[in-house]
Amino acid sequence: MDLLSGVSYQRLEGALHAASLRQSVLQNNVANVDTPDFKRSDVQFEQLLSQAMNGGHSTLIGKRTDARHIAIGASGSIPDAQVLTDKTTVFNNSGNNVDIDSEMTKLAENQLRYNLYIQQLNHDVKMMRTGMGK
Amino acid sequence: MILGSFDISASALTAQRLRMDVISSNIANAETTRASYVDGKFVPYRRKMVEVAPVDTTFKNMLNDKIDATGAQGVKVTAITDDQTPFKQVYNPTHPDADANGMVNMPNVDVLKEMVDMISATRSYEASVTALNASKSMFSKTLEIGRSS
């Protein structure tokens, strides 16, 4: 019986991983706020997850034998978080496109999101304990 | 994973602190006419500038980054360079370093520019401290996973 590998845990695990990765990436953006020609990055996960959950439009489904393979079609599994770099925009005259206000806002949002996921995970654990009669 | 993110903010704090030190040096030497002695003549102080770059610029790091998608890791100071703009010429015949025409070479430090840079360095430092505190609180939150309350 798979007690702790339910889809809820898998989704939360993926979301937590994405949030901690996003924290690193945002911190890196803030660290490089004065670096000439630096381009900001962001982490995409929630959108990919909702796409995967709603099912892709393609009927062709690729089988993945390695975590680094690119998923083809709706795989039904939890998508990997992706780091995307915004190379096209310019924010100031040093070629850097880090907007410190937007970074700090995203940082705060990501922190709350992370706390929410932890709370939800703890809730699931609590339910499991209740189910076991403890 | 999260512990690695502490290093990112730490590198930013170090870099901004160094910028602050260099700016302090520029302001302190804004009137220094005898910074060095070259060919029997005193040369005024030259304004110093800090060059920063992302840490991840080697091929190995970039390749690992593409495979694991862990993101670049922090910032580093690559060089402290001299500002090559000409010295300010000031007419002051009573100055000990005045030439035959009464002109004195003064450092190419613009205190106004230094103040603006100083504010920018302070704000960047504060932003990194905020990011570091966010990481700290996330890390302690992680330790609460599965804890029965």
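The numbers attached to residues start from 1 for each chain and follow its sequence in the written order. Chain A is the first chain written and ligand 1 is the first ligand written, with later ones labelled in order. The predicted nature of this model means local features are confined to residues of pLDDT at least 70 and side-chain atom pairs, given and counted, to a pLDDT of 80 or more, with totals for whole chains, interfaces and linings taken over all residues. Computation of side-chain values covers all heavy atoms of the structure but excludes hydrogens and water.

Student: Let's hear about the overall build of chain B: which residues, and what values?
Tutor: The number of helices and strands found in chain B is three helices and six strands. Reading chain B from its N end, one meets helices and strands in the order α-β-β-β-α-β-β-β-α. The burial tally for chain B puts 29% of its 149 residues in the buried class. The contact definition used throughout considers only heavy atoms, calling two residues in contact when any of these lie within 4.5 Å. Excluding contacts between residues fewer than 6 apart, the proportion of contacts in chain B whose partners are at least 24 apart in sequence is 63%. Accessible surface for chain B amounts to roughly 8,900 Å². Of this, 58% is attributable to carbon and sulfur atoms. Per the convention used, a helix needs a DSSP run of H or I reaching at least four residues, while a strand needs a run of E reaching at least two, with both numbered from the N terminus. With a 1.4 Å probe rolled over the protein chains alone, any residue whose accessible area is under 20% of its type maximum counts as buried; one over 50% counts as exposed, and the rest are partly exposed. The Shrake-Rupley method, run with a 1.4 Å probe sphere, supplies the accessible areas, and residue values consider only the shown protein chains as cover.

Student: Which residues make up the packing of helix α3 (residues 100-131) of chain A against helix α3 (residues 111-142) of chain B, and what values go with them?
Tutor: Each axis is a line fitted through C-alpha atoms, taken for helices only over the stretch in contact, and angles between the N-to-C directions span 0 to 180 degrees. With their axes 10 Å apart at the nearest point, α3(A) and α3(B) run at an angle of 5° to one another. In this view, α3(A) runs roughly parallel relative to α3(B), as classed from their interaxial angle. Contacts between α3(A) and α3(B) involve A:Ile100, A:Met104, A:Leu107, A:Asn110, A:Gln111, A:Tyr114, A:Asn115 and A:Ile118 from the first element and B:Ala127, B:Thr130, B:Ala131, B:Ala134, B:Ser137, B:Met138, B:Lys141 and B:Thr142 from the second. Of the residues contributing to the contact of α3(A) with α3(B), the split by class is nine nonpolar, six polar and one charged. Roughly parallel means an angle under 35 degrees; roughly antiparallel means over 145; roughly perpendicular covers 65 to 115; every other angle is labelled oblique. Residues were grouped as follows: Ala, Val, Leu, Ile, Met, Phe, Trp, Tyr, Cys and Pro as nonpolar; Asp, Glu, Lys and Arg as charged; and all remaining residues, including Gly, as polar.

Student: Account for the pattern of salt bridges, naming residues and giving values.
Tutor: We count a salt bridge whenever a side-chain nitrogen from Lys or Arg sits within 4 Å of a carboxyl oxygen from Asp or Glu. As enumerated under the stated definition, the model contains 15 salt bridges over all chains in all. Here B:Arg19 and A:Asp34 are joined by a salt bridge, their closest N and O atoms 2.7 Å apart. Pair noted here: B:Arg19 is in helix α1 (residues 2-28) and A:Asp34 is in the loop between α1 (7-31) and β1 (41-44), and the two residues belong to different chains. The class of A:Asp34 is partly exposed, set by a relative accessible area of 27%. Residues B:Glu114 and B:Arg47 are paired through a salt bridge, measuring 2.7 Å at the closest nitrogen-oxygen approach. Of this pair, B:Glu114 sits in helix α3 while B:Arg47 is found in the loop between β2 (41-43) and β3 (48-54), placing the two residues 67 residues apart along the sequence. Judged by relative accessible area, B:Glu114 falls into the buried class, the value being 1%.

Student: Please give an account of the nonpolar core that cites residues and values.
Tutor: Buried residues of nine kinds, namely Ala, Val, Leu, Ile, Met, Phe, Trp, Tyr and Cys, make up a nonpolar core once their side-chain atoms join them within 4.5 Å. Core analysis: the largest hydrophobic core is formed by 19 residues, its most contacted members being A:Leu16, A:Val43, A:Phe45, A:Ala81, A:Tyr114, A:Tyr117 and A:Leu121. Mapped by element, the contributors of at least two residues to this core are α1 and α3 of chain A. Counting eight residues, the second-largest nonpolar core is a separate cluster that includes A:Ala31, B:Ile8, B:Val52 and B:Val75.

Student: I'd love a proper account of the UniProt feature "domain: Flagellar basal-body/hook protein C-terminal" (unreviewed entry) in chain B, names of residues and values included.
Tutor: UniProt positions are given in the numbering used here, feature names are shortened, and annotations may be inferred rather than shown by experiment. In the numbering used here, UniProt assigns the feature "domain: Flagellar basal-body/hook protein C-terminal" (unreviewed entry) to residues 101-144 of chain B. Regarding residues 101-144 of chain B, the helix share stands at 73% and the strand share at 9%, and the terminal C-alpha atoms are separated by 75 Å.

Student: Tell me about the interface of chain B and chain A, and please be specific about residues and values.
Tutor: Accessible area lost when the parts come together is the quantity often used to give the size of an interface. Taken residue by residue, the interface counts 36 residues in chain B and 31 residues in chain A. The term buried area refers to how much accessible surface (probe radius 1.4 Å) is lost by two components on association, counted for both of them together. Interface area, chain B with chain A, both sides summed: about 2,600 Å², of which 61% is carbon and sulfur. Remark: the boundary between chain B and chain A carries one salt bridge. Contacts described as polar in this section are N or O atom pairs within 3.5 Å, which, within protein, must combine one atom able to donate a hydrogen with one able to accept it, while residues neighboring in sequence count only if both atoms come from side chains. Linking chain B with chain A are 15 residue pairs in polar contact (both at pLDDT 80 or more). Contributions of two or more residues to the side of chain B that touches chain A are made by α1, β3 and α3 of chain B. Broken down by element, the residue count for the side of chain B that touches chain A peaks at 13 residues, all from α3(B). Across the side of chain B that touches chain A, the residue classes break down as 17 nonpolar, 15 polar and four charged.

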